[in-house]
Amino acid sequence: MTSQKHRSATKIDPVPEGLESARAKLVYIYLDATGGATVEELGEILAMKKINILSVLNSLSSTGYVDRMGDEFVVTN
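Definitions and limits used
- Residues numbered from 1 in each chain as written.
- Predicted model: local features only at pLDDT ≥ 70, side-chain atom pairs only at ≥ 80, totals over all residues.
- Heavy atoms only, no water.
- Helix = DSSP H or I, 4+ residues; strand = E, 2+ residues; numbered from the N terminus.
- Buried < 20%, exposed > 50% of the residue type's maximum accessible area, 1.4 Å probe, protein only.
- Contact = heavy atoms within 4.5 Å.
- Pairing = 2+ DSSP bridges.
- Axes fitted to C-alpha atoms, helices over the stretch in contact; angles between N-to-C directions.
- Parallel < 35°, antiparallel > 145°, perpendicular 65-115°, else oblique.
- Left-handed = near helix turned anticlockwise from the far one by under 90°.
- Nonpolar A, V, L, I, M, F, W, Y, C, P; charged D, E, K, R; others polar.
- Phe/Tyr/Trp six-rings, centres within 6.5 Å; stacked < 30°, edge-to-face > 60°.

Turning to the overall build of the chain, a few remarks are in order. The secondary structure content of the chain amounts to 3 helices and 2 strands. In the chain, the order of α-helices and β-strands from amino to carboxyl end is α-α-α-β-β. Within the chain, the fraction of its 77 residues that count as buried is 29%. Long-range contacts, defined as pairs at least 24 residues apart, comprise 42% of the intrachain contacts of the chain with a sequence gap of at least 6.

Let's shift gears to unusual backbone geometry. Residues other than glycine seldom take positive phi values, yet Ala 47 does so here, at roughly 55 degrees. Inspection of the secondary structure assignment puts Ala 47 in the loop between α2 (39–46) and α3 (50–62).

Here we take up the pairing of strand β1 (residues 66–69). Here β1 pairs with strand β2 (residues 72–75) via 4 bridges, running antiparallel. Its bridge partner being in β2, Asp 67 is matched across the sheet by Val 74. Between β1 and the antiparallel strand that follows it, β2, lie 2 residues; Gly 70 among them carries a positive phi value of about 70 degrees.

The next point concerns the packing of helix α1 (residues 22–34) against α2. Put simply, α1 and α2 touch, their axes get as near as 11 Å, and they point 110 degrees apart. By the angle between their axes, α1 is roughly perpendicular relative to α2. Crossing angle aside, the handedness with which α1 passes α2 is right-handed. Residues Leu 26, Val 27, Tyr 30 and Leu 31 of α1 pack against Leu 42, Ile 45 and Leu 46 of α2. Along the lines of polarity and charge, the residues of the contact of α1 with α2 split into 7 nonpolar, no polar and no charged.

Following the criterion strictly, the structure yields 1 aromatic pair and no others. Ring centres of Tyr 28 and Tyr 65 lie 6.3 Å apart, and the angle between their planes is 85 degrees; this geometry places the pair in the edge-to-face category. In this pair, Tyr 28 sits in helix α1 while Tyr 65 sits in the loop between α3 and β1, placing the two residues 37 residues apart along the sequence.

Turning our eyes to something else, we now look at the environment of Ile 45. Considering the arrangement of structural elements, one finds Ile 45 in helix α2. Between the C-alpha atoms of Ile 45 and Tyr 30, which are 15 residues apart in sequence, the distance is 9.2 Å.

Nothing here speaks to function; it is geometry throughout.
The following block contains the structure:
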């Protein structure tokens, strides 16, 4: 019999209630889980076009949910 190793659970905060778009929620959750990502990383991992990523990030940034730190976007604490 093989024993299974369990990963420790990563705590992800709930998605803010103000996020209604599925894309915005997806980007927010990814940034929260990973600690940040570039536009290119988001496009590759989430299979989204750059124009859509930029639109979502602009919306999240203007509402204060994410900040830009260098080339990466991160969830605002």
